[in-house]
Amino acid sequence: MLPKQEFFLNFTSNNQKETMAKRVLVTGGTGYIGSHTTVELLEAGYEVVIVDNLSNSERFVLDGIRKITGKRVPFHKVDCRSLASLRRIFTRYPFDAVIHFAASKAVGESVEQPLLYYQNNLVSLMNILQLMRECQVPNLVFSSSSKMPNCSSRFMATITPRPAHPTPGSDL
């Protein structure tokens, strides 16, 4: 659980302390990690906006988030490869941070469709970074798929792995 006191902007006006929650864009927010992150952010006092193209998730996840937190999260079905669509989201909401989970990660599929993976994983990140710069969003949490086929988790702390991904660089 995130400590609540660290995630608020405090402003003083007329000798009164006002608290304004920070707003975070979560791309891939209806996926497993994105939805759990959204719940934690909401419970820590953040405002969250979700962008997801629903290619690996379902819209009903939003109902689960609402049942757990009691809050309805703004949701936009947007593909992060569309700069124009993302720009509408960035201009509508002033974000304090972006958590970018919208990436493809299936190794087998990446071999079958490598250009799709490069396009999704790199173009979407470049669009996010461009809009963060344009809209002066200062904080980014970037999540790669970090897949390491054929590596046992018990050895992860003791080895320095070489990239084993068939399309290295597409899931940076």
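Residues numbered from 1 in each chain as written. Predicted model: local features only at pLDDT ≥ 70, side-chain atom pairs only at ≥ 80, totals over all residues. Heavy atoms only, no water.

**Topic: the overall build of the protein chain**
Within the protein chain one finds 5 helices and 7 strands. When the elements of the protein chain are put in sequence order from the N terminus, they spell out β-β-β-α-β-α-β-α-β-α-α-β. Surface summary for the protein chain: the accessible area is close to 10500 Å², and the carbon and sulfur share equals 53%. (Helix = DSSP H or I, 4+ residues; strand = E, 2+ residues; numbered from the N terminus. Areas by Shrake-Rupley, 256 points an atom, 1.4 Å probe, with all protein chains shown as cover.)

**Some thoughts on the packing of aromatic side chains**
Under the criterion given, the structure shown has 2 aromatic pairs. Relative to Phe 95, the ring of Phe 90 lies with its centre 5.4 Å away and its plane at 75°, an arrangement referred to as edge-to-face. Considered together, Phe 90 and Phe 95 belong to a single accessibility category, that of buried residues. Through successive ring pairs, a cluster of aromatic residues spans Phe 90, Tyr 93 and Phe 95. (Phe/Tyr/Trp six-rings, centres within 6.5 Å; stacked < 30°, edge-to-face > 60°. Buried < 20%, exposed > 50% of the residue type's maximum accessible area, 1.4 Å probe, protein only.)

**Quick look at the confidence of the model for the protein chain**
Here the protein chain averages 79 in pLDDT, while 71% of its residues score no lower than 70. This stretch, residues 1-19, has a pLDDT under 50; its non-local contacts, to residues over four places away or in other chains, come to 30 contacts. Below pLDDT 50 for its whole length, residues 151-163 participates in 4 contacts with residues either more than four positions away or in separate chains. (pLDDT = per-residue confidence, 0-100. Contact = heavy atoms within 4.5 Å.)

**Some thoughts on the nonpolar core**
Counting residues in hydrophobic clusters, the biggest one holds 18 residues, and the most contacted among them are Val 24, Val 26, Leu 41, Val 48, Ile 50 and Ile 65. Within the residue set of this core, elements represented by two or more residues are strand S3 (23-27), helix H1 (32-43), strand S4 (47-52), helix H2 (61-69) and strand S6 (97-100). With sequence-adjacent residues up to four places away left out, Val 26 is seen in contact with Gly 34, Thr 38, Leu 41, Val 48, Val 49, Ile 50, Val 51, Ile 99 and Phe 101. If you look at the next biggest cluster of nonpolar residues, it comprises 16 residues, including Val 49, Val 51, Ala 102 and Leu 131. (Core = buried A, V, L, I, M, F, W, Y, C linked by side-chain atoms within 4.5 Å.)

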